[in-house]
Structure formats: structure tokens, C-alpha cells
Amino acid sequence: PYKKKIYKLPSFEKQIIYIFKTILFLIRKISFKFLNLKLFWNINFYSKKEKNSHLRIKNPKNGFFADPFIISKGRDNYCFVEKLDYSENKGKIHLFNLREDSYKSLGTVLEEKFHLSYPYIFKVKNNFFMCPESSNINEIRLYKANNFPKDWVFYKTLIRNISAADTNIIYYKNKWWLFSNVDTSKLNEHDSELHIFYSDKFDSSEWIPHQNNPVIFDANKARNAGKILQNNGLFRVYQTQGIGIN
């Protein structure tokens, strides 16, 4: 028995819609290249003082901030983000301190010779660890905070020879679970496949692939979009990455 969805030949109407979306996507790509336009992101956060209001973190010149992860410690809310500079074409990890109605930049806290983004952070006992995206070097890496929140050092490589993006690591039912968007096509495409690995240790060098990998093969919901929430179960936030959609 086959339990997964059985795909059928799309109807003529669906084929026309698909072709139309593809043409629009190609026109958009060509227009951006011809006009030398760049895609950019923004980060907004809600103010506690005024209901339903939000503040936008101002993007840097010739770049943008993206992929926010917030860690609260004491009265401080530290927001770790990707900072991308178009001139360098490389991301680094930047830090903000969020207040009720303001924010303060604390500078870049992690930079490598290769691109870094998606600064996923988790805590083990009294230590903070970061697992940023490092798909440029085909590794899933772990960094440790020597002095949280600013001082980060390389800790170890968890998985080698893997093109993976947007990794989350959680502890659930007596095991450590690693959720990551793996590119098995070798086309630098990290939107379509969600893979899960597990281990008895958070810093293991021998993560076991889930037998159903990829557990999701769908660009509309495979890509991770933030921290996995644990509240009477697991809730995963995802991005929609259809044709022409980011």
C-alpha cells in the first residue's frame, strides 16, 4: 500500500495557469537583471506600548537585515539577524537589542569568509549555541557563545558534505532532532526538501537520517521559517516558495 498522495496529470486549466505563472516569473527575473534591481527584506517588531503597532528596523545602506531570532535574557531581548551586504554578496550575523518602543544595534557578532544567515540559537544547560546556515561550504556547523550575546566561536561541524539551509535543532522525547532544508539536486535549491536527522547528543558527529527523508517534498511548505515551537506538540513555521514567490 502507498500512503502518500498520488499525483495525476494536471487539467488543461491548471497547465495554462502554470505556464502563465512561469512566464510572469521569467519576466520578473529578466526585468530585475536588466534594471539591476535587488531583492531585499525588512524586519519589523511589535511595540508593547501601543496595540497593533510595529517598528521597522532600518536596513543598512546597500543591503538588508533578515532571518530574525530573539533570545530573551533577563530584561533584554536580543535579536540575532542576517546582515547581507550587496557589495560583498555575503551574509554575516548582526545583533540588536529590542526595547518596547526602540532598538539598538550592537554590531556584527559572527563573520566568516563564507556566507552566514539564519542564526538559529538554542540553549544547553547554561550554554548558548548557534547553528547558522553555512551551505556555501557544504557543512552544518555549530558555534558556541563564550560570552553571550556578542562573543561566538566555532564549536564543531555536525554534518559534512551536505548542502543544507535553515537548520533547527530541538530536544524532543529524549532525542535531539535536526530539521534542515537539504539540496539533493546539486542545483543550490533549498526550498523543496525538508530532511530530519536525530541523535542522542546535540553535538553529535553521527546524525541518523530519518527513514522517510525527505519528510516533505513541496516548495510551498518545506522551507523552515523560524524556531520550532513546543506547546502540547510541535509547531513548525514554514515559508511558501512557489514560482515567483519568496
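That block above? That's the structure.
Residues numbered from 1 in each chain as written. Predicted model: local features only at pLDDT ≥ 70, side-chain atom pairs only at ≥ 80, totals over all residues. Heavy atoms only, no water.

Chemist: Whenever I open this one, the overall build of the chain confuses me. Can you help?
Modeler: A count of helical and extended segments in the chain gives one helix and 17 strands. For a compact globule of 246 residues, the expected C-alpha radius of gyration is about 18 Å, and the chain comes in at 20 Å, within 12% of that figure. Projecting the C-alpha coordinates of the chain onto the three principal axes gives extents of approximately 60 × 45 × 40 Å. Within the span of the chain, comprising 246 residues, buried residues form 40% of the whole. The long-range share in the chain, meaning contacts at least 24 apart out of those at least 6 apart in sequence, stands at 38%. As displayed, the chain has an accessible area near 16000 Å², and 52% of this comes from carbon and sulfur atoms. Across the chain, 39 positive and 23 negative side-chain charges occur, with their mean positions spaced 3 Å apart. (Helix = DSSP H or I, 4+ residues; strand = E, 2+ residues; numbered from the N terminus. Rg over C-alpha atoms; globule rule 2.2 N^0.38 Å. Buried < 20%, exposed > 50% of the residue type's maximum accessible area, 1.4 Å probe, protein only. Contact = heavy atoms within 4.5 Å. Areas by Shrake-Rupley, 256 points an atom, 1.4 Å probe, with all protein chains shown as cover. Lys, Arg positive; Asp, Glu negative; His and termini not counted. Charge placed at Lys NZ, Arg CZ, Asp CG, Glu CD.)

Chemist: Can you walk me through the sheet that holds strand β7 (residues 117-124) in this structure?
Modeler: Within a sheet, each strand pairs with its neighbour through backbone hydrogen bonds, oriented either parallel or antiparallel. The strand order β7-β8-β9-β10 describes an open sheet built from four strands, whose pairing is antiparallel. What marks the edges here is a single partner per strand, and that holds for β7 and β10 (151-160). Between one strand and the next, the sheet's axes are offset by a mean angle of 30°, whatever the strand orientation. As paired elements, β7 and strand β8 (residues 127-133) share six bridges and run antiparallel to each other. Across the sheet, the residue bridging to Tyr120 is Cys131, located in β8. (Pairing = 2+ DSSP bridges. Axes fitted to C-alpha atoms, helices over the stretch in contact; angles between N-to-C directions.)

Chemist: Help me out: how do you make sense of helix α1 (residues 12-34) in this one?
Modeler: One full turn of an α-helix is made of 3.6 residues, so residues set three or four places apart face in the same direction. Over its 23 residues, α1 extends 33 Å from the first C-alpha to the last, a length consistent with the 33 Å expected when each residue adds 1.5 Å. Looking one or two places after α1, you find Asn36, whose phi comes out positive at around 55°. (Expected span 1.5 Å × (residues − 1).)

Chemist: Help me understand the packing of aromatic side chains, please; the structure alone is not making it clear to me.
Modeler: Both the distance between ring centres and the angle between the ring planes are used here to describe each pair of aromatic rings. As enumerated under the stated definition, the model contains 21 aromatic pairs in all. Through a chain of ring-to-ring contacts, the aromatic side chains of Phe69, Tyr118, Tyr120, Phe122, Phe129, Tyr155, Tyr171, Trp176 and Phe202 assemble into a single cluster. Here the guanidinium or amino end of Arg28 rests over the ring plane of Phe32, the centre of that ring lying 5.4 Å away. The ring of Phe154 is capped by Arg141, whose NZ or CZ atom sits 4.1 Å from the centre of that ring. (Phe/Tyr/Trp six-rings, centres within 6.5 Å; stacked < 30°, edge-to-face > 60°. Lys NZ or Arg CZ within 6 Å of the ring centre and 35° of its normal.)

Chemist: Any chance you could explain the nonpolar core here in plain terms?
Modeler: Note on soluble globular proteins: their nonpolar side chains tend to be buried together. Counting 27 residues, the largest nonpolar core has Phe122 and Ile169 as its most contacted members. For this core, the elements supplying multiple residues, two or more each, are β7, β8, β9 (139-147), β10, β11 (164-172), β12 (175-182) and β13 (193-199). Discounting residues that sit within four places of it in the chain, Ile169 has contacts with Tyr120, Phe122, Cys131, Leu142, Leu158, Trp176, Trp177, Leu178 and Trp207. If you look at the next biggest cluster of nonpolar residues, it comprises 16 residues, including Val109, Phe128, Phe148 and Trp152. (Core = buried A, V, L, I, M, F, W, Y, C linked by side-chain atoms within 4.5 Å.)

Chemist: How should unusual backbone geometry be read in this particular structure?
Modeler: In terms of backbone geometry, most residues other than glycine have negative phi values and most peptide bonds are trans. Along the chain, Phe148 connects to Pro149 via a cis peptide bond; the corresponding omega equals 10°. Tracing the chain through its elements places Pro149 in the loop between β9 and β10. Backbone torsion omega between Asn213 and Pro214 reads -10°, so that peptide bond is classified as cis. Topologically, Pro214 is positioned in the loop between β14 (208-209) and β15 (216-217). Even without being glycine, Asn89 reaches a positive phi, approximately 55°. Tracing the backbone through its elements, the reader meets Asn89 in the loop between β4 (76-85) and β5 (90-98). With a relative accessible area of 62%, Asn89 lands in the exposed category. Positive phi, close to 50°, is recorded for Asp166, a residue that is not glycine. Turning to its location among the elements, Asp166 is positioned in strand β11.

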